Amino acid sequence: MDNTRVLIIEDESITALEIHKKLETWGYHVVGVAGSGEEAVEIARENRLDLILADIILKGDMDGVEAIEQIYEITDAPVIYLTAHADESTFKRAKETKPAGYVIKPYDEKELAFNMEIALYNRKVKSRVEESEERLKAMNQFLHISSRAMTSSMRIEDTAGFLKEFARFFQSNIHSRFRKDLLSENSMRSDEELLEDYLEWVSQFFTNLGYKVDTKDNSLLVNQCFWGSRRGDNKTFCLMCKAMTDLSFKWTGLLGHVEHESGLGLNHPTCVFRFEVDE
């Protein structure tokens, strides 16, 4: 927690000192104490922030809400308003900044500590979700670009080189997320339970990429993909989907293999991936 950087915005010096000491006792690193909105914005420009505690009513031309509005242009650090009072219009403005918490003075220490922990936890979760979404977005873009690059006239050696590069891309962007999603818990699962969880994961993964899929009898049925309706395309495109299923199934540690039935450009389903686990 000593790396968690907190900005305190409080114009009452005694209260600010009290909060400062309390946060240091709890293990937080206070990067600055601002007595005005202008000072708070300046500190935010000069420091990386993880959390902000802000009074709403401040002396000077800028109140706490306006300061937070400007700070949000610099950082996405969550804010907890810590204040004794605010009129209805000011409170409405405060709500529009989507604070992570709102603690009334005189504050209860447990309530403040709880609000801070929840705000930091939610930020961490949000960061992980955004990271996952960015990886999927990159994968989606890569697939679209690849589909244009891989034409029926591509030489066999070029195709092999591309698929090797694609496998490296998939490994570097998805493997760590896969381990967190599927392998971090329930390590005592049976092979059957792990396969069931894997089918759920791979189905959701393809769905997030924009495919339409179903799962049935240990199989992934791809009913719609990026290029399945274009009859003139080369089936090399399907090898990318096969690479994604082969690699991700290998990551489970299950002994077995993936059987692939392709129906590119034909009637639905476009492709079937059947996951066979050795007895």
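Residues numbered from 1 in each chain as written. Predicted model: local features only at pLDDT ≥ 70, side-chain atom pairs only at ≥ 80, totals over all residues. Heavy atoms only, no water.

## A few points about the overall build of the protein
Here comes step 1: Counting its regular elements, the protein contains 8 helices and 9 strands.
Here comes step 2: Across the 279 residues of the protein, 43% fall into the buried class.
Here comes step 3: Sequence-distant contacts, at least 24 apart, represent 63% of the contacts inside the protein between residues at least 6 apart.
Here comes step 4: For the protein, the accessible surface area stands at approximately 15,700 Å², while carbon and sulfur atoms represent 48% of it. (Helix = DSSP H or I, 4+ residues; strand = E, 2+ residues; numbered from the N terminus. Buried < 20%, exposed > 50% of the residue type's maximum accessible area, 1.4 Å probe, protein only. Contact = heavy atoms within 4.5 Å. Areas by Shrake-Rupley, 256 points an atom, 1.4 Å probe, with all protein chains shown as cover.)

## Description of the nonpolar core
Here comes step 1: Among the nonpolar cores identified, the biggest contains 34 residues, and Tyr198, Phe206, Tyr211, Met244 and Phe275 are the most heavily contacted of them.
Here comes step 2: Among the secondary structure elements, those contributing two or more residues to this core are α6 (156-183), α7 (191-208), β7 (219-224), α8 (236-251) and β9 (271-277).
Here comes step 3: Counting residues in each nonpolar core, the second largest holds 22 residues, with Leu49, Ile52, Val79 and Tyr81 among its members. (Core = buried A, V, L, I, M, F, W, Y, C linked by side-chain atoms within 4.5 Å.)

## Section: the sheet that holds β7
Sheet strands pair via backbone hydrogen bonds, and the direction of the pair is either parallel or antiparallel.
Here comes step 1: The sheet built from 4 strands is open, its strands ordered β6-β7-β9-β8 with antiparallel pairing. Of all the strands in the sheet, just β6 (212-216) and β8 (256-262) have a single pairing partner and so form its edges. Within this sheet the neighbouring strands show an average axis-to-axis angle of 15 degrees, counted without direction.
Here comes step 2: The strands touched by α7 within the sheet are β6, β7 and β9, with β6 carrying the most contacts at an inclination of about 170 degrees. (Pairing = 2+ DSSP bridges. Axes fitted to C-alpha atoms, helices over the stretch in contact; angles between N-to-C directions.)

## Some words on the sheet that holds strand β5 (residues 101-104)
Here comes step 1: The parallel open sheet is built from 5 strands, whose spatial order is β2-β1-β3-β4-β5. One side of each edge strand has no neighbouring strand; the edge strands of this open sheet are β2 (29-34) and β5. The sheet shows a mean angle of 20 degrees between the axes of neighbouring strands, taken without regard to direction.
Here comes step 2: Pairing of strand β4 (residues 79-83) with β5 involves 4 bridges; the strand directions are parallel. Counted as the bridge partner of Leu82 is Val103 from β5.

## Concerning helix α1 (residues 13-25)
Here comes step 1: The end-to-end C-alpha distance of α1, which contains 13 residues, comes to 18 Å, matching closely the 18 Å that a straight helix rising 1.5 Å per residue would cover.
Here comes step 2: Every buried residue belonging to α1 is among Ala16, Ile19 and Leu23, and all of these are buried. Buried positions in α1, seen along its axis, are confined to an arc of 65 degrees and lie on one side of it. Turned more than 90 degrees off the buried face of α1, the exposed positions are Ser13, Ile14, Lys21 and Thr25.
Here comes step 3: Directly after α1, the chain includes Gly27, whose backbone phi takes a positive value near 100 degrees. (Expected span 1.5 Å × (residues − 1). Arc of directions from axis to C-beta.)

## Notes on the packing of aromatic side chains
Here comes step 1: Going through the model one piece at a time under the given rule, you end up with 13 aromatic pairs.
Here comes step 2: Among the aromatic side chains, those forming a connected cluster through ring pairs are Phe170, Phe178, Tyr198, Trp201, Phe205, Phe206, Tyr211, Phe249, Trp251 and Phe275. (Phe/Tyr/Trp six-rings, centres within 6.5 Å; stacked < 30°, edge-to-face > 60°.)

## Some details on the packing of helix α2 (residues 37-46) against helix α3 (residues 64-71)
Here comes step 1: The geometry of α2 relative to α3 is characterised by a closest axis approach of 9 Å and an angle of 20 degrees between their N-to-C directions. On the basis of the axis angle, α2 is roughly parallel to α3. Classified by chirality, the crossing of α3 by α2 is right-handed. Where α2 abuts α3, its residues Gly37, Ala40, Val41 and Ala44 lie against Ala67, Gln70 and Ile71. (Parallel < 35°, antiparallel > 145°, perpendicular 65-115°, else oblique. Left-handed = near helix turned anticlockwise from the far one by under 90°.)

## Focus: a negative patch on the surface
Here comes step 1: A surface patch of negative charge is lined by Glu38, Asp61, Glu66, Glu69, Glu73 and Glu96.
Here comes step 2: Relative to the helices and strands, Glu38 resides in helix α2. (Patch = residues over 30% accessible without salt bridge, like charges linked within 9 Å, V, L, I, M, F, W, Y side chains within 5 Å. Salt bridge = Lys/Arg side-chain N within 4 Å of Asp/Glu carboxyl O. Lys, Arg positive; Asp, Glu negative; His and termini not counted. Charge placed at Lys NZ, Arg CZ, Asp CG, Glu CD.)

## Quick word on unusual backbone geometry
Here comes step 1: In this structure, the amide linkage connecting Lys105 to the following residue, Pro106, adopts the cis form with an omega of -10 degrees.
Here comes step 2: Residue placement: Pro106 occurs in the loop between β5 and α5 (109-149).
Here comes step 3: Even without glycine at this site, Lys98 takes up a positive phi of about 55 degrees.
Here comes step 4: Within the secondary structure, Lys98 sits in the loop between α4 (88-96) and β5.
Here comes step 5: In this model, Asn218 sits at a positive phi of 60 degrees, which is unusual for a non-glycine residue.
Here comes step 6: Within the secondary structure, Asn218 sits in the loop between β6 and β7.

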